Amino acid sequence: MTDRLAFNNVNVIDGLGAVTPDATVLIAGSSIESVSSAHTADTLPAGTRIIDGSGGWLMPGLINCHDHLCNKWLRSTPAPDYQAARLRRRHSNPGAHALEAAGNATWELRQGVTTVRELGGPGMEIGQEMFTNVDIRNAIASGQIAGPRVLASRLMVAMTGGHGTPWYGVREADGPDEVRKAVREQLKGGADCIKIMSTAGLANYPHESPDTDEYTLEELSAGADEAHRFNRLITTHAMSDSAVKRAIEAGIDTIEHAFLATPGGIRAMQDGGVSFVPTARVAWRMARNSPPALAGLLERASHRDRVLEAVDRGVPVGVGTDSRFTVLEEMETLVEYGVPVETVLKGATGTAAAICGLDDSGSVAPGKRADLLLLKTNPLEGLRSAFEGLELVVKAGEVVVASGHSGAALRPLPPPDPLN
Ligand SMILES: [Zn+2]
């Protein structure tokens, strides 16, 4: 018999823009069976375990569109030490990376993040094997460690010496044919999606400057074509306006960052039908905490205005943290920028699912995965207070985090494994 769990007496934020007050959400196994304002305890199927939401708020689990589980440790590293710390880390051992990822995965799950798109972890050889974010995904999927579901990019694809090569797991590839081969290697190694580098970045400044373009149109097109032939999405780290436009022309699905884009770059996103993960908190922080020349470059580019233009133009804008900050902090930054809180919350749920190519997630609707959060207060009226009052996290129908929800009848632990 399928296990059934129901939340009643909840206000449902569906992740697509609608709110249903005083509803009941019925979960069967790992998926949502129904969302109804009519259900009462009497009309639920016999044997359903009921959690009284006490007038709280039920919403989809958060999706982090751009994460680095092995690098989250940098969240507390002051900027002057950032680069040095990263490089030190590069020489640390794979076991340390694995433990870091495990700790961060649990930490994010406890914050209500039920899916992350992991866009670049270590690529460390252990004997003949390569330790990558695919291993982190598999460890979580098989229940060895607690964490969100992981969509793994495996190694980033970058030009020789390109962005990421000093510290991440990078497959260096030059020329369209080799980029195509590099994409094939990631798919062979179990990648769910592809990450390709269009420009240099910030974290290796001044050794590289974010206004330097890296891959050519031919190289990006080969990567996009190869990913799409195998029904995978491809996303790109792109800072400059020219790189944003080039990536869109090449058929890349999502632009990450675009810290130096102009209004023309945002218009190109709209025209090209691509999505945008601005990682705004990183841009905001780096504009305040960088050497003057870099800070000035970021300040003049006014990323905040680009984010608002993207929202105004209807470009799907997703919430992604990159290697620092929490999903809550990124959402707060977007709200601070002037993005409506409804749009921000969709950016971490329904819109995020679309950006990541997940048909099964991101909304509270029949047939979707039961990745759900129960909050005491309405996040649309205050993100921080609501997420600080996070009571339950449900992942694929299982209550995986419960903090202080006294009335909830939690799923009991399975019976002990008999010794014979
Ligand atoms: Zn990143």
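Computed from a prediction, not measured in an experiment: that's the story for all the values here.

1. Some points on the overall build of the protein chain
Line of reasoning, step 1. Helices and strands together make up the secondary structure of the protein chain, namely 14 helices and 18 strands.
Line of reasoning, step 2. Taken over the C-alpha trace, the protein chain has a radius of gyration of 21 Å; the compact-globule value for 420 residues is 22 Å, and the two agree within 12%.
Line of reasoning, step 3. Projected onto the principal axes, the alpha-carbon positions of the protein chain cover approximately 65 × 55 × 40 Å.
Line of reasoning, step 4. Taking contacts inside the protein chain between residues at least 6 apart in sequence as the whole, the part at least 24 apart equals 67%.
Line of reasoning, step 5. Looking at the protein chain as shown, the accessible area adds up to about 16,600 Å², and 50% of this sits on carbon and sulfur atoms.
Line of reasoning, step 6. Put simply, the protein chain has 39 plus and 51 minus side-chain charges, and the middle of one group is 2 Å from the middle of the other.

2. Considerations on the coordination of the zinc ion
Line of reasoning, step 1. Coordination of the zinc ion by the protein involves His66 (NE2), His68 (NE2) and Asp322 (OD), with metal-donor separations of 1.9 to 2.2 Å.
Line of reasoning, step 2. Mapped onto the sequence, the donors of the zinc ion take the spacing H-x1-H-x253-D. In this pair, histidine 68 is assigned in the loop between strand S5 (62–67) and helix H1 (82–90) and aspartate 322 in the loop between helix H10 (303–312) and helix H11 (327–337), connecting sequence segments 254 residues apart.
Line of reasoning, step 3. Take histidine 68: its relative accessible area is 1%, and that puts it in the buried class.

3. A look at unusual backbone geometry
Line of reasoning, step 1. At aspartate 22, a position not held by glycine, the phi torsion is positive, near 45 degrees.
Line of reasoning, step 2. Within the secondary structure, aspartate 22 sits in strand S2 (residues 19–28).
Line of reasoning, step 3. For aspartate 22, a relative accessible area of 52% corresponds to the exposed category.
Line of reasoning, step 4. With a phi angle near 75 degrees, phenylalanine 325 is a residue other than glycine that sits in the positive phi range.
Line of reasoning, step 5. If you trace the backbone, phenylalanine 325 turns up in the loop between H10 and H11.

4. Quick word on the nonpolar core
Line of reasoning, step 1. Formed by 70 residues in total, the largest nonpolar core has its most connected members in Leu62, Ile255, Met269, Phe276, Met331 and Phe387.
Line of reasoning, step 2. Setting aside anything within four residues of it in sequence, one finds leucine 62 in contact with Gln111, Gly112, Val113, Thr114, Thr115, Val327, Met331, Ala348, Leu373 and Phe387.
Line of reasoning, step 3. Ranked by size, the runner-up nonpolar core spans 17 residues in total, among them Val12, Val25, Ile27 and Val394.

5. Overview of the pairing of strand S6 (residues 113–118)
A regular strand places its side chains so that they alternate between the two faces of the sheet.
Line of reasoning, step 1. Buried residues dominate S6, accounting for six of its six residues.
Line of reasoning, step 2. In the sheet, S5 pairs with S6 via four bridges, with the strands oriented parallel. What sits directly across from aspartate 67, in S6, is glutamate 118.
Line of reasoning, step 3. Here S6 runs beside strand S9 (residues 149–152); their pairing, made up of four bridges, is parallel. Each bridged residue has a counterpart across the sheet, and for valine 116 the counterpart in S9 is valine 150.

Thresholds applied
- Residues numbered from 1 in each chain as written.
- Predicted model: local features only at pLDDT ≥ 70, side-chain atom pairs only at ≥ 80, totals over all residues.
- Heavy atoms only, no water.
- Helix = DSSP H or I, 4+ residues; strand = E, 2+ residues; numbered from the N terminus.
- Rg over C-alpha atoms; globule rule 2.2 N^0.38 Å.
- Contact = heavy atoms within 4.5 Å.
- Areas by Shrake-Rupley, 256 points an atom, 1.4 Å probe, with all protein chains shown as cover.
- Lys, Arg positive; Asp, Glu negative; His and termini not counted.
- Charge placed at Lys NZ, Arg CZ, Asp CG, Glu CD.
- Donors = N, O, S within 2.8 Å, 3.2 Å for Na, K, Ca; no water.
- Buried < 20%, exposed > 50% of the residue type's maximum accessible area, 1.4 Å probe, protein only.
- Core = buried A, V, L, I, M, F, W, Y, C linked by side-chain atoms within 4.5 Å.
- Pairing = 2+ DSSP bridges.

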